[in-house]
Amino acid sequence: MEQRSIAFIGAGNMARSIIAGLVASGYAPDKITATAPSPARREPLARDYGIHTTDNNLSAASDADVIVLAVKPQLMEEVCRPLQILDFSGKLVISIAAGIGAERLNEMLATNLNLVRVMPNTPSLIGKGMSGLYASSALNPNDRQFAESLMQAVGEVCWVEQESGINSIIAAAGSAPAYFFLFMEAMQEEAIKQGFSTEQARKLVQQSALGAAEMVVANPDTDLATLRAQVTSKGGTTAEAIRTFNECQLSDTVAKAMRAAVSRAEEMEKLF
Ligand SMILES: NC(=O)C1=CN([C@@H]2O[C@H](COP(=O)(O)OP(=O)(O)OC[C@H]3O[C@@H](n4cnc5c(N)ncnc54)[C@H](O)[C@@H]3O)[C@@H](O)[C@H]2O)C=CC1
Ligand SMILES: O=C(O)[C@@H]1CCC=N1
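Each chain has its residues counted from 1, running along the sequence as written. Just so you know, chain letters begin at A and ligand numbers begin at 1, following the order they were written in. Note on the predicted model: pLDDT of at least 70 is required for a residue's local features to be given, and 80 or more for side-chain atom pairs to be given and counted; whole-chain, interface and lining totals, by contrast, use all residues. The side-chain quantities take in all heavy atoms of the structure and omit both hydrogens and water.

**Student:** Let's hear about the environment of Val 216: which residues, and what values?
**Tutor:** Relative to the helices and strands, Val 216 resides in helix α9 (residues 198–218). Discounting residues that sit within four places of it in the chain, Val 216 has contacts with Leu 224 and Leu 227. Runs of H or I in DSSP of at least four residues are treated as helices and runs of E of at least two as strands, each being numbered from the N terminus. The contact rule is simple, with two residues in contact once any of their heavy atoms fall within 4.5 Å.

Below is the structure:
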């Protein structure tokens, strides 16, 4: 893909995930800079991926063709203010922050940005990310294509037509790895109670999760309910487990949790 110089403003979990995936996919490390105030955050990135790091947001952003805003939403305004002096006309800005809309980002950087909002997730770290993207129709096709290729380098992408779609991407993908981790944590805990060591319990759970996910991917024409039915023998053990989940309204709980994620993103849009 096109090798533009990229500055990640903020070098936390999500920036690291994208940087790791990018470098593994062949993106030139010397085209990537990441910033963070703390050396403890920066140094491991320089060491592990051979990228540049600095605590100077202004110089990193000034030197870059593409600026990825990767700080916590609460900090975004404070981090953007000193960058207002830059000329953004030739730069692409990518924000990965949840709960900060395009209009607000334009306000924070005091200009009309060439902007793509991207909602990635942490499996980008291993090239298995799922990112949602939104850009206004005014964005030039080159920038649109670059943002798409960048996120394709670390996983799959899904464009949304309306900016509000980004909040639904958060619910279905950005936050979603944590839902699966939670489910696996609960399974591991119970497997330990049933007599397995921590390592054995983890292996049982992770391999089952991996196998299930890979079966879904390998069978795109088989719906998820059919895959479930293939495990569920009539009058058997799985049927009892599923009946128990249904009794506890698992589907309603999942729906409620996903709506709560959207509501929080909407709330954050008002806060920050
Ligand atoms: N963690 C995730 O799974 C996802 C996170 N996001 C978004 O990514 C953004 C970052 O989230 P995380 O990486 O999880 O947070 P994090 O807390 O791990 O990383 C934020 C980083 O910003 C750095 N930072 C703090 N003050 C700074 C400053 N003045 N200048 C430059 N850097 C500064 C910190 O050193 C820290 O490394 C958030 O806006 C979040 O909404 C989006 C999708 C998924
Ligand atoms: O929890 C959060 O707010 C961020 C956005 C999606 C995943 N992590």
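**Student:** I'd love a proper account of the site of ligand 1, names of residues and values included.
**Tutor:** Residues are classed as near a molecule or strand on a simple rule: at least one heavy atom within 4 Å of it. By nearness alone, 22 residues border ligand 1, and Asn 13, Met 14, Asn 57, Val 71 and Ala 98 come closest of all. Asn 57 is positioned such that a nitrogen or oxygen atom in its side chain is 2.9 Å from a nitrogen atom of ligand 1. Polar contacts here mean pairs of N or O atoms no more than 3.5 Å apart (in protein, one a potential hydrogen donor and the other a potential acceptor; neighbouring residues in sequence count only if both atoms are side-chain atoms). Ala 98 has a polar backbone atom sitting 3.0 Å from an oxygen atom of ligand 1. To be clear on the numbers: accessible area is Shrake-Rupley with a 1.4 Å probe, and residue cover counts the displayed protein chains and nothing else. Relative to its free-state accessible area of 830 Å², ligand 1 is covered by the protein chains to the extent of 81%. Mapped by element, the contributors of at least two residues to the shell around ligand 1 are α1 (13–24) and α4 (73–80). No other element matches the three residues that α4 contributes to the shell around ligand 1. Gly counts as polar in this scheme, as do all residues outside two lists: the nonpolar Ala, Val, Leu, Ile, Met, Phe, Trp, Tyr, Cys and Pro, and the charged Asp, Glu, Lys and Arg. Broken down by class, the residue content of the shell around ligand 1 amounts to 14 nonpolar, six polar and two charged.

**Student:** Can you explain the pattern of salt bridges? Please cite residues and give values.
**Tutor:** What counts as a salt bridge is simple: a side-chain nitrogen of Lys or Arg found within 4 Å of a carboxyl oxygen of Asp or Glu. As enumerated under the stated definition, the model contains ten salt bridges in all. Across the pair Arg 4 and Glu 2 runs a salt bridge whose closest N-O atoms are separated by 3.1 Å. To sort residues, take the accessible area from a 1.4 Å probe on protein chains only and compare it with the maximum for the residue type: under 20% means buried, over 50% means exposed, and anything in between is partly exposed. Given a relative accessible area of 11%, Arg 4 falls into the buried group. Measuring nitrogen to oxygen at the nearest pair gives 2.3 Å for the salt bridge that ties Arg 243 to Glu 247. Note that Arg 243 and Glu 247 are positioned in helix α11 (residues 237–247) at a spacing of four residues, about one turn of the helix. Its relative accessible area of 39% is what places Arg 243 among the partly exposed residues. A cluster of three or more residues bridged by salt bridges with shared partners is formed by Glu 2, Arg 4 and Asp 143.

So, to be careful, I would describe these as geometric facts and stop short of saying anything about function.
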